[in-house]
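Chain by chain, the residues run as shown.
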Amino acid sequence: MALFLSKELAQQKRAHLNYAVAQLRSEEATDDAKMNIRLLAASPAVLLGWFGFGAYKGAVKEHPPAQRRDALLRFARIAMFNVIS
């Protein structure tokens, strides 16, 4: 009886260890993915693309002065916060 019990306990310990390792690898992969997304979103090409898209959208709207002013204020606020932090 003790033989079967010791095998089951060893199998349980291995399962707990495998779970802990899988959990750590999952956390590392999630952190890596988040960092890659942040680096991609903050790259100059992406920022310039979004700015160009916003400029085009503002140029073809019916009421661009108010939206242009809001867009410029948002852009200035983002730039200011990036300089501060």
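Residues numbered from 1 in each chain as written. Predicted model: local features only at pLDDT ≥ 70, side-chain atom pairs only at ≥ 80, totals over all residues. Heavy atoms only, no water.

*Asks:* Hey, could you run me through the overall build of the protein in this one?
*Replies:* A tally of regular secondary structure across the protein gives three helices and zero strands. Taking 2.2 N^0.38 as the reference for a compact globule, 85 residues should give roughly 12 Å; the C-alpha atoms of the protein span a radius of gyration of 26 Å, well beyond that estimate. For the protein, the proportion of its 85 residues judged to be buried stands at 2%. Roughly 8000 Å² of accessible area belongs to the protein as shown, and the carbon and sulfur atoms make up 67% of that amount. In the protein, 12 positive and 7 negative side-chain charges are present, and the distance between their average locations comes to 4 Å. (Helix = DSSP H or I, 4+ residues; strand = E, 2+ residues; numbered from the N terminus. Rg over C-alpha atoms; globule rule 2.2 N^0.38 Å. Buried < 20%, exposed > 50% of the residue type's maximum accessible area, 1.4 Å probe, protein only. Areas by Shrake-Rupley, 256 points an atom, 1.4 Å probe, with all protein chains shown as cover. Lys, Arg positive; Asp, Glu negative; His and termini not counted. Charge placed at Lys NZ, Arg CZ, Asp CG, Glu CD.)

*Asks:* Just checking my understanding: could you explain a positive patch on the surface for this structure?
*Replies:* There is a patch of like positive charges on the surface, built from Lys57, Lys61, Arg74 and Arg77. Along the polypeptide, Lys57 turns up in helix α2 (residues 44-60). (Patch = residues over 30% accessible without salt bridge, like charges linked within 9 Å, V, L, I, M, F, W, Y side chains within 5 Å. Salt bridge = Lys/Arg side-chain N within 4 Å of Asp/Glu carboxyl O.)

*Asks:* Please explain a nonpolar patch on the surface as it appears in this structure.
*Replies:* Nonpolar side chains collect at one region of the surface, where Leu48, Phe51 and Phe75 lie side by side and expose about 330 Å² of accessible area between them. Relative to the elements of secondary structure, Phe75 occurs in helix α3 (residues 64-84). Take Phe75: its relative accessible area is 46%, and that puts it in the partly exposed class.

*Asks:* What's the story with a negative patch on the surface in this structure? I'm lost.
*Replies:* A surface patch of negative charge is lined by Glu27, Glu28, Asp31 and Asp32. Mapped onto the elements, Asp32 comes out in helix α1 (residues 2-41).

*Asks:* Help me understand the confidence of the model for the protein, please; the structure alone is not making it clear to me.
*Replies:* Keep in mind that low pLDDT regions are not for reading the predicted coordinates in detail. In the predicted model, the protein carries a mean pLDDT of 83, and 94% of its residues have values of at least 70. Summarising per-element confidence for the protein, the mean pLDDT is lowest in α3 (76) and highest in α1 (90). (pLDDT = per-residue confidence, 0-100.)

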